[in-house]
Amino acid sequence: MSFGQGGPQWGPGGSGSQPPQWSNQTPDWAALAEASESRNRRRRWLLVGGGALATIGVGAAVAMAVVSADGNEQASNRPASQLPATTDIPPDTTGPGPTFEETSAPPPLDPKDFIGNVKKDTAPLGPDTLFPGTQLTMGETVYKKGALASTKTCASAAQGTLGAVLTKNDCTRLMRVTYEKDGVAVTVGVAVFDTEGKALQAKNDADSKSVVQSLSGEGVPTFCRSAICRSTTNSYGRYTYFTVAGFTNGKDVTQKDSKVFTTGDDLAEFTFRQIHRRGEAQASAAANQ
């Protein structure tokens, strides 16, 4: 159909106002079917040909990708002798990271090293430094402190066989302190030696008659000079310490008098702690130098 002046024209020589003329002749159905089949064959060939071209295009793209990823050619097509050497392969970077040696702080100094020898045990020493304050609290019990004393003539503050023991092992000083509660008093004596060995030997040499002399004064009357009292002996570092406990009224101590035993044990325990604290203080000072 063409669009010229005067409107559409239908058929050769026809008028623009007349309808198209149809022939009454019967169509050739066989020819029409053949023509339709011919058109369908061409369409299938076009589809097949287009698919083949698409397949070729995809194959070419894959091949180019393989070549691009591998360099110039596919590694799978090369013999084993032509594969890259081990030294050409990048190292494995997924292994463990660097390791570092463990470090630790030096062990703390032993307090006993400082109270075991006169050459290291150089802190100020006296009955007032070992037994400070005016009273002592052990648990729920409060003991009032009495008199203090110190002498370099150790045997002069000893009773029974203790004087000979202290002299034999070269005691350099004997300090004493007394505590009292409810009519029960205890005197602690701390004998000082130059070495731990001397102090231990003094402890071993002492017997049941080796007793420190009780110390009266400061509100505490004389006690344990003629009556039976309870005594203890022990040592720690270069110190040997003794206790003598009894009644301030002169009564003899028996096995049933638990208050006397408790008082003596409390003061012995406190003396041990004070000597140990002395060693701790000196060890700490040496570590911070």
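Reading the values: rules and limits
Residues numbered from 1 in each chain as written. Predicted model: local features only at pLDDT ≥ 70, side-chain atom pairs only at ≥ 80, totals over all residues. Heavy atoms only, no water. Helix = DSSP H or I, 4+ residues; strand = E, 2+ residues; numbered from the N terminus. Buried < 20%, exposed > 50% of the residue type's maximum accessible area, 1.4 Å probe, protein only. Contact = heavy atoms within 4.5 Å. pLDDT = per-residue confidence, 0-100. Salt bridge = Lys/Arg side-chain N within 4 Å of Asp/Glu carboxyl O. Phe/Tyr/Trp six-rings, centres within 6.5 Å; stacked < 30°, edge-to-face > 60°. Pairing = 2+ DSSP bridges. Axes fitted to C-alpha atoms, helices over the stretch in contact; angles between N-to-C directions. Core = buried A, V, L, I, M, F, W, Y, C linked by side-chain atoms within 4.5 Å.

For the protein, the helix and strand inventory stands at 6 helices and 8 strands. Going residue by residue from the N terminus, the α and β elements of the protein occur as α-α-α-β-β-β-α-β-β-α-β-β-β-α. In the protein, which comprises 289 residues, the proportion classed as buried is 29%. Counted over contacts in the protein with a minimum sequence separation of 6, partners at least 24 positions apart contribute 67%.

In the predicted model, the protein carries a mean pLDDT of 79, and 63% of its residues have values of at least 70. Low pLDDT, under 50, characterises residues 1-24; the predicted model gives this stretch 3 contacts beyond four residues in sequence or across chains.

Take the pattern of salt bridges next. Scanning all chains against the criterion turns up 8 salt bridges. Its salt-bridge partner being aspartate 121, residue arginine 238 comes within 2.9 Å of it at the nearest N-O pair. With arginine 238 in the loop between strand 7 (230-236) and strand 8 (239-247) and aspartate 121 in the loop between helix 2 (111-115) and helix 3 (127-130), the pair connects residues that are 117 residues apart, well separated along the chain. Judged by relative accessible area, arginine 238 falls into the buried class, the value being 5%. Accessibility expressed as a relative area gives 4% for aspartate 121, which makes it buried. Its salt-bridge partner being aspartate 205, residue lysine 168 comes within 3.4 Å of it at the nearest N-O pair. Taken together, the positions of lysine 168 in helix 4 (residues 162-168) and aspartate 205 in helix 5 (residues 196-205) put the pair 37 residues apart, joining distant regions of the chain. Taking the relative accessible area as the measure of exposure, lysine 168 reaches 57% and is therefore exposed. For aspartate 205, a relative accessible area of 23% translates into the label partly exposed.

So, about the packing of aromatic side chains. Aromatic ring pairs: the centre-centre distance and the angle between the two ring planes describe each pair. One pass over the full model with this rule turns up 2 aromatic pairs. With a centroid separation of 6.1 Å and an interplanar angle of 45 degrees, the aromatic rings of phenylalanine 131 and phenylalanine 270 are classed as tilted. Of this pair, phenylalanine 131 sits in the loop between helix 3 and strand 1 (135-138) while phenylalanine 270 sits in helix 6 (residues 258-287), and the two are 139 residues apart along the sequence. For the pair phenylalanine 131 and phenylalanine 270, a shared accessibility class is recorded, and that class is buried.

Hydrogen bonds between backbone atoms are what pair the strands of a sheet, whose relative direction is either parallel or antiparallel. Taken in spatial order, the 6 strands make up an open sheet running 1-2-4-5-8-7, and their pairing is antiparallel. The sheet is open, and its two borders are formed by strand 1 and strand 7, each paired with just one other strand. Across the sheet, the axes of successive neighbouring strands diverge by a mean angle of 25 degrees, strand direction being ignored. Both strand 4 (residues 173-181) and strand 5 (residues 184-192) contribute to a ladder of 9 bridges, which runs antiparallel. By the bridge assignment for strand 5, leucine 174 is matched with alanine 191. Sitting on the sheet, helix 5 is in contact with strand 7 and strand 8, with an inclination near 155 degrees to strand 7.

With that out of the way, let us pick up the nonpolar core. By size, the foremost hydrophobic cluster in this structure holds 25 residues, and its most contacted members are Phe131, Leu136, Tyr179, Val190 and Leu267. Among the secondary structure elements, those contributing two or more residues to this core are strand 1, strand 4, strand 5, strand 8 and helix 6. Those residues in contact with tyrosine 179 that lie beyond four places of it in its chain are Phe131, Gln135, Leu136, Tyr143, Lys144, Lys145, Gly146, Val184, Ala185, Val186, Leu267 and Phe270. If you look at the next biggest cluster of nonpolar residues, it comprises 20 residues, including Ala157, Leu166, Val211 and Val244.

Attention now moves to the pairing of strand 1. Of the two faces of strand 1, only the one carrying Leu136 and Met138 is buried; Gln135 and Thr137 on the other face are not. Across 4 bridges, the pairing between strand 1 and strand 2 (residues 141-151) is antiparallel. The partner of glutamine 135 across the bridge, within strand 2, is lysine 144. The antiparallel pairing of strand 1 with strand 2 creates a hairpin that spans 2 residues between the two strands, and glycine 139 there sits at a positive phi of about 65 degrees.

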